[in-house]
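Here's the letter readout for the chains.
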Amino acid sequence: MSRIIVIEPHPDDAFLSLGWHLLKEWEERERVIVTVYADARREKEAEAYARAVGAASIVLGLAESNMASGGPIKPVEALRDVLAALVEEGDTVIFPLGLQHPDHLRVAATRLPGALRYLDTPYQTKKKLIPEMNRRTQG
């Protein structure tokens, strides 16, 4: 059976952005949530969110970056390594669109060719982000 593999920068990003889809829309598929940035305390949080939607949890435990959002965006090499070993033919991989926050931008820059994207700004009003969303998705 093919899997849904959702990449999230921090614990709860996938749950708050895609929770219903993970819980209901994709309930017939195996689900995996890969959390990139999480310290030991937040690792338990990531595992709890994944468990709540019936997903397996993989936590990379990388430290959040301190870069300013205006700096050059480099892909997260550790994430690429994990995905190279994890992703199989037929899997659907979903990356964050990567708006505003440096950590989200770095994870989005790591996106595999052919991977889908999700809107990863669960705490903000989406309306103010429409110009940036259009630029990223149409460019």
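Here, the structure is the one placed above.
Quick summary incoming for the structure in this document. (Residues numbered from 1 in each chain as written. Predicted model: local features only at pLDDT ≥ 70, side-chain atom pairs only at ≥ 80, totals over all residues. Heavy atoms only, no water.)

### Some remarks on the side chain of Arg31
Put simply, the rule reads: Where helices and strands are cited, they refer to DSSP runs of H or I of at least four residues and of E of at least two residues respectively, numbered from the N terminus. When accessible area is computed with a 1.4 Å probe and restricted to protein chains, residues below 20% of their type maximum are described as buried, those above 50% as exposed, and intermediate ones as partly exposed. Note on charges: Lys and Arg go in the positive column, Asp and Glu in the negative column, and His and the chain ends are not counted at all. Here a salt bridge means any side-chain nitrogen of Lys or Arg lying within 4 Å of a carboxyl oxygen belonging to Asp or Glu. For the purposes of these results, a polar contact is taken to be a pair of N or O atoms within 3.5 Å, where, inside protein, one atom must be able to donate a hydrogen and its partner to accept one; residues adjacent in sequence count only when each atom of the pair is a side-chain atom. Contacts are residue-level and defined by heavy atoms, with any inter-residue pair within 4.5 Å sufficient.
Inspection of the secondary structure puts Arg31 in strand S2 (residues 30-37). For the buried Arg31, no salt bridge is present, and the opposite-charge side chain at shortest range is Glu27, 6.4 Å distant. A polar contact of 3.2 Å, which involves the side chain of Arg31, links it to the backbone oxygen of Arg29. Once residues within four sequence positions are removed from consideration, Arg31 is found in contact with Ile4, Leu22, Leu23, Trp26, Val53, Gly54, Ala55 and Ala56.

### Some points on the sheet that holds strand S1 (residues 3-8)
Put simply, the test is: At least two DSSP bridges between two strands are required for those strands to pair. Interaxial angle, 0 to 180 degrees, is taken between N-to-C directions of lines fitted to C-alpha atoms, where a helix line uses only the stretch in contact.
Strands sit in the order S3-S2-S1-S4-S5 across an open sheet of 5 strands; the sheet is parallel. Only two strands of the sheet have a single partner each, and these edge strands are strand S3 (56-62) and strand S5 (116-118). Sheet twist, expressed as the average angle between the axes of neighbouring strands with direction ignored, equals 20 degrees. When S1 meets S2, the two strands line up parallel, connected through 6 bridges. Looking at S2, one finds that Val6 is bridged to Ile33.

### Focus on the pairing of strand S4 (residues 92-96)
This is how it is decided: We call a crossover right-handed when, viewed with the strands running away from us, the connection from the first strand over the helix to the second turns clockwise.
Most of S4 is tucked away: 5 of the 5 residues are buried. The alternating pattern of S4 places Thr92, Ile94 and Pro96 on one face and Val93 and Phe95 on the opposite face, and all of these are buried. In this sheet, S4 lies alongside S1 in parallel orientation, the contact comprising 3 bridges. For Ile5, the partnering residue across the bridge sits in S4 and is Val93. Across 3 bridges, S4 lies against S5 in parallel orientation. Following the sheet pairing, Phe95 is matched in S5 by Arg117. Remark: the S4/helix H4 (residues 102-109)/S5 crossover connection has right-handed handedness.

### Focus: the packing of aromatic side chains
Each aromatic ring pair is described using two quantities: the centre-to-centre distance and the angle formed by the ring planes. Worth spelling out the cut-off: The aromatic pairing rule takes the rings of Phe, Tyr and Trp, using the six-membered ring of Trp, and pairs them if the centres are within 6.5 Å, calling planes under 30 degrees apart stacked, those over 60 edge-to-face and the rest tilted.
A full pass over the atoms with the stated rule returns 1 aromatic pair. Each ring, one from Phe15 and one from Tyr49, has its centre 4.7 Å from the other, and the planes form 40 degrees; the classification is tilted. Of this pair, Phe15 sits in helix H1 (residues 13-25) while Tyr49 is found in helix H2 (residues 40-52), placing the two residues 34 residues apart along the sequence. Accessibility expressed as a relative area gives 27% for Phe15, which makes it partly exposed.

### Here we look at H4
For H4, the buried fraction is high: 7 of the 8 residues fall into the buried class. For H4, the set of buried residues is Pro102, Asp103, His104, Leu105, Arg106, Val107 and Ala108.

### What to know about the pairing of S2
Counting buried positions along S2 yields 7 of 8 residues, so the element is predominantly enclosed. Following the backbone out of S1, through H1 and into the adjacent parallel S2, one traces a crossover that is right-handed. In this structure, S2 lies alongside S3, joined through 5 bridges in parallel fashion. Bridged to Val34 within S3 is Ile58. Regarding the hand of the β-α-β motif, the stretch spanning S2, H2 and S3 is right-handed.

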